[in-house]
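Below are the chains, spelled out letter by letter.
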Amino acid sequence: MAAARSASTRLFQNRAFLWLCLLATNLAVLALAILVVSILWQGWGTLDWDFLRSTASRKPENAGIIVPLWGSVWVCAICGLVALPLGVGTAIYLEEFARRTRFTRIVQTNILNLAGVPSIVYGILGLTAFARMFGAFGSGADAGIELGDPESLFYLRLPFGSSVLAGGLTLMLVILPIVIISTQEALRAIPPSLRAGALALGATTWQTVWGMTLPAAVPGIMTGSILAMSRAIGESAPLLVVGSALFLLATPNNLMSDFSVLPLQIFNWAQRPQAGFHDLAASAIVVQLVVLLAFNGVAVFIRQKLQKPLL
Amino acid sequence: MLKQLSSIGLLATAGLLFAAAPQDANLKNLKGVVKIDGSSTVYPITEAVAEEFNAVAPKVRVTVGVSGTGGGFKRFVAGEIDIADASRPIKKSEFDMAAKAKIDFIELPIAFDGLTIVVNPKNTWCTSLTVAQVKKIFGASGSAKTWKDVDASWPATPIKVYSPGTDSGTFDYFKEVVVGKDGAIRSDMSVSEDDNVLVRGVTGDEGAIGFFGCAYYFENKDKVRAVGVDGGKGAVMPTIESIENGSYAPFSRPLFIYVSKASADKPEVKAFIEFYLKNVARLAAEVGYVKLPDAVYSKVGANWTANRIGSQFIDPKGDHITGSLAEFYK
């Protein structure tokens, strides 16, 4: 009798838990769905080619987002291209090569702490280190050192000033700890037997990493990277500190170009008094979601290309 | 007649300005970069001017940022930008930093933003407030809990206060007018950086009171009701006229641009400022702000042509002085 009740209790608990989980999932999906639908509802009317092709304007009907759109693409591309190799490299060193010493423990603790630092702090760091370069090349608007023609693709100057490069590198600082930690987790999830097998066959650590662990960890690394890039594309505070502009008529043409980003434009439109700008903010959010999906699409593509089945 | 005279004065000033500036044909070929940063309140005006300027001088690259008034001044004294947008006069500390960095600047008021105190439309009792009553509602010491605390004939409906973010220039200005430099505004308020949120808050709460720039009030006249302000000479409602002529005292807030003297010598910056002063009255009104009286504009134009360095709000000894714009720009 007691055994029967306990069985039914256990089955009830099982069903209740299932329903709780379903409820949690559905609430999350529902919140997202409401958000997307209401944004689409408000923003669909003003979302057209002209909106994507136009620059900023005081008249909502003439205003568009080409400049912040390309600004976001440049900044996030730079951020991703720098943060992924650096982050994955650091994680591989810490997990696969480094011995557990006091030094690696300090590095590890620091990385964990950095992941929790508010992004505006990285903005101040980016301003000092990248935009102004500690004043080592003179201060003010004039560049200390210039290479090439400002109109060409291969123009470089020091300090970087409030440029896409300074912005991208600042965002790189923001997401680097996330990339490192998620890559470390992905590497830790690889069964040790895989490494032991490779090493037993005489492979060097490098061969083991490149041939066995890294390919097996690609799905985990890419998932972490997608989360990190999603954060980068939504950041505005650190870029504001670095000196991102809002009104600008030219899209970036080299690493030293001034830039604006989508979140900044969205916030500015959302807080304007005229209702016409609020619709534009919604349209820009839709565009931002599409850009985010595009970046994630690239990550998924890379995952498919690099992934090797774990046998 | 007086108005005509002053607008002739304005035209004459503009003529003077343009005699010194490159001609329109030259503007087409003028090249260079004009970097602006600062207040997000001033941003819509500067954006409008920059947009129009691009039509006459397409090769000049104008960039406008929104780091906030304080953030803009920081970049201004570092020599990174040519022009700082500001929703309040320069502070003493910023003035000293500029002096230390040897950045001379020209202060140019460009428009008014009338801070508007609003209540819920269902609030039938409160049609105007004296400055003392405003202090009773918003001040930190002895702040009113219900409307009855403000005026004994009003109902005991609880007061709910909505305020712009405490980092904003709007808040700074309101605070200085209501409780003075060293006073404090009450802390039990609903605060938002986005003034549209304040509009929604006041719309949904019968006992609510809030304040924000007049542009938000003009766009939401159907949702919130403005309260007249009695600065000692009877209640005055915030209208374009009362804000412009200064009778909506003390809440007519001036907005400024600060131009670095070194930048003002560059032809592209010079051309931009001249274009700015010539068109700002019309463009400011278009984006929801209130133009300055013509007499003030002509004084501002004269200051610009004469390269008048420094701030009218800091006296020669370096102390901050308060007063209305019309007094300083007579």
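All chains use their own residue numbering, which begins from 1 and follows the written sequence. Here chains are named by letter from A upward and ligands by number from 1 upward, in the order in which they appear as written. The predicted nature of this model means local features are confined to residues of pLDDT at least 70 and side-chain atom pairs, given and counted, to a pLDDT of 80 or more, with totals for whole chains, interfaces and linings taken over all residues.

## Examining the interface of chain A and chain B
Line of reasoning, step 1. If you look at the interface, chain A gives 23 residues, while chain B gives 28 residues.
Line of reasoning, step 2. Elements represented by at least two residues in the side of chain A that touches chain B include exactly β3 (245–247) and α10 (262–270) of chain A.
Line of reasoning, step 3. Residues that form the side of chain A that touches chain B fall into these classes: 12 nonpolar, eight polar and three charged.
Line of reasoning, step 4. Two strands form a pair only when DSSP identifies at least two bridges running between them. The way it works is that DSSP assigns letters per residue, a run of H or I at least four long becomes a helix, a run of E at least two long becomes a strand, and they are numbered from the N terminus. Relative to strand β2 (residues 60–65) of chain B, β3(A) runs antiparallel, the two being bridged by two bridges. In the strand pairing of β2(B), A:Ala245 is matched with B:Gly65. A residue pair is marked as a contact if its C-beta atoms, positioned from the backbone, fall within 7 Å. For this classification, Asp, Glu, Lys and Arg are treated as charged, while Ala, Val, Leu, Ile, Met, Phe, Trp, Tyr, Cys and Pro are nonpolar and the rest, including Gly, are polar.

## Concerning the nonpolar core
Line of reasoning, step 1. In plain words, the nonpolar core is the set of buried Ala, Val, Leu, Ile, Met, Phe, Trp, Tyr and Cys residues that C-beta atoms within 7 Å link up. With C-beta atoms placed from the backbone, the exposure class of a residue follows from how many other C-beta atoms lie within 10 Å of its own: 20 or more, buried; 12 or fewer, exposed; in between, partly exposed. Ranked by internal contacts, the top residues of the largest apolar core, which has 167 residues, are A:Ile175, B:Ile45, B:Ala111, B:Tyr258 and B:Phe272.
Line of reasoning, step 2. Ranked by residue count, the leading element in this core is helix α6 (residues 164–188) of chain A, at 15 residues.
Line of reasoning, step 3. In contact with B:Ala111, not counting residues within four places along its chain, are B:Ile45, B:Leu255, B:Val280, B:Ala284, B:Tyr289, B:Val290, B:Lys291 and B:Leu292.

## Looking at the domain arrangement of chain B
Residue and element names in this part refer to chain B.
Line of reasoning, step 1. When its domains are assigned, chain B resolves into domain 1 (2–113 + 254–328) and domain 2 (114–244).
Line of reasoning, step 2. If you average the C-alpha positions of domain 1 and of domain 2, the two centres end up 30 Å apart.
Line of reasoning, step 3. Taken residue by residue, the interface counts 13 residues in domain 1 and 15 residues in domain 2. Domains are outlined according to an automatic or database domain assignment.

## Describing unusual backbone geometry
All names here are of chain A.
Line of reasoning, step 1. For the bond running from Leu158 to Pro159, omega is -5°, close enough to zero to count as cis.
Line of reasoning, step 2. Here Pro159 is to be found in the loop between β2 (156–158) and α6.
Line of reasoning, step 3. With a phi angle near 55°, Phe134 is a residue other than glycine that sits in the positive phi range.
Line of reasoning, step 4. Summarising the element assignment, Phe134 is placed in the loop between α5 (119–131) and β1 (145–147).
Line of reasoning, step 5. For Phe134, a count of 9 C-beta atoms within 10 Å puts it in the exposed group.

## A short note on the domain arrangement of chain A
Line of reasoning, step 1. Along its sequence, chain A is carved into domain 1 (1–46) and domain 2 (49–306).
Line of reasoning, step 2. For domain 1 of chain A versus domain 2 of chain A, the separation of C-alpha centres amounts to 34 Å.

## Side note on the pairing of strand β1 (residues 32–38) of chain B
All names here are of chain B.
Line of reasoning, step 1. The buried count for β1 comes to five of seven residues, which makes it a mostly enclosed element.
Line of reasoning, step 2. With five bridges connecting them, β1 and β2 associate as parallel partners. Within the sheet, the bridge partner assigned to Val33 lies in β2 and is Arg61.
Line of reasoning, step 3. Handedness of the crossover joining β1 and β2 through helix α3 (residues 43–56) is recorded here as right-handed.
Line of reasoning, step 4. For β1 and strand β3 (residues 83–86), the ladder comprises three bridges, and the chain directions are parallel. If you follow Gly38 over to β3, its bridge partner there is Asp85. The handedness of a crossover follows from its direction of travel: if, with the strands pointing away from the viewer, the path from the first strand over the helix to the second runs clockwise, the crossover is right-handed.

## Observations concerning the packing of helix α3 (residues 66–97) of chain A against helix α8 (residues 205–234) of chain A
Packed helix pairs are characterised by how far apart their axes lie and by the angle those axes make with each other.
Residue and element names in this part refer to chain A.
Line of reasoning, step 1. Note on method: axes are straight lines fitted to C-alpha atoms, helices fitted across the in-contact stretch only, with angles between N-to-C directions ranging 0 to 180 degrees. Relative to each other, α3 and α8 sit at 140°, their axes nearing to 9 Å. With respect to α8, the axis of α3 lies oblique. Remark: the crossing between α3 and α8 carries right-handed chirality. On the side of α3, the interface is formed by Ser72, Cys76, Cys79, Gly80, Ala83, Leu84, Val88, Ile92, Glu96 and Phe97, while α8 contributes Thr205, Val209, Thr213, Ile221, Ser225, Ala228, Met229, Ala232 and Ile233.
Line of reasoning, step 2. Considered class by class, the residues forming the contact of α3 with α8 number 13 nonpolar, five polar and one charged. Convention used here: angles under 35 degrees read as roughly parallel, angles over 145 as roughly antiparallel, angles from 65 to 115 as roughly perpendicular, and any remaining angle as oblique. Left-handed describes a crossing in which the near helix is turned anticlockwise from the far one by less than a right angle; the clockwise case is right-handed.

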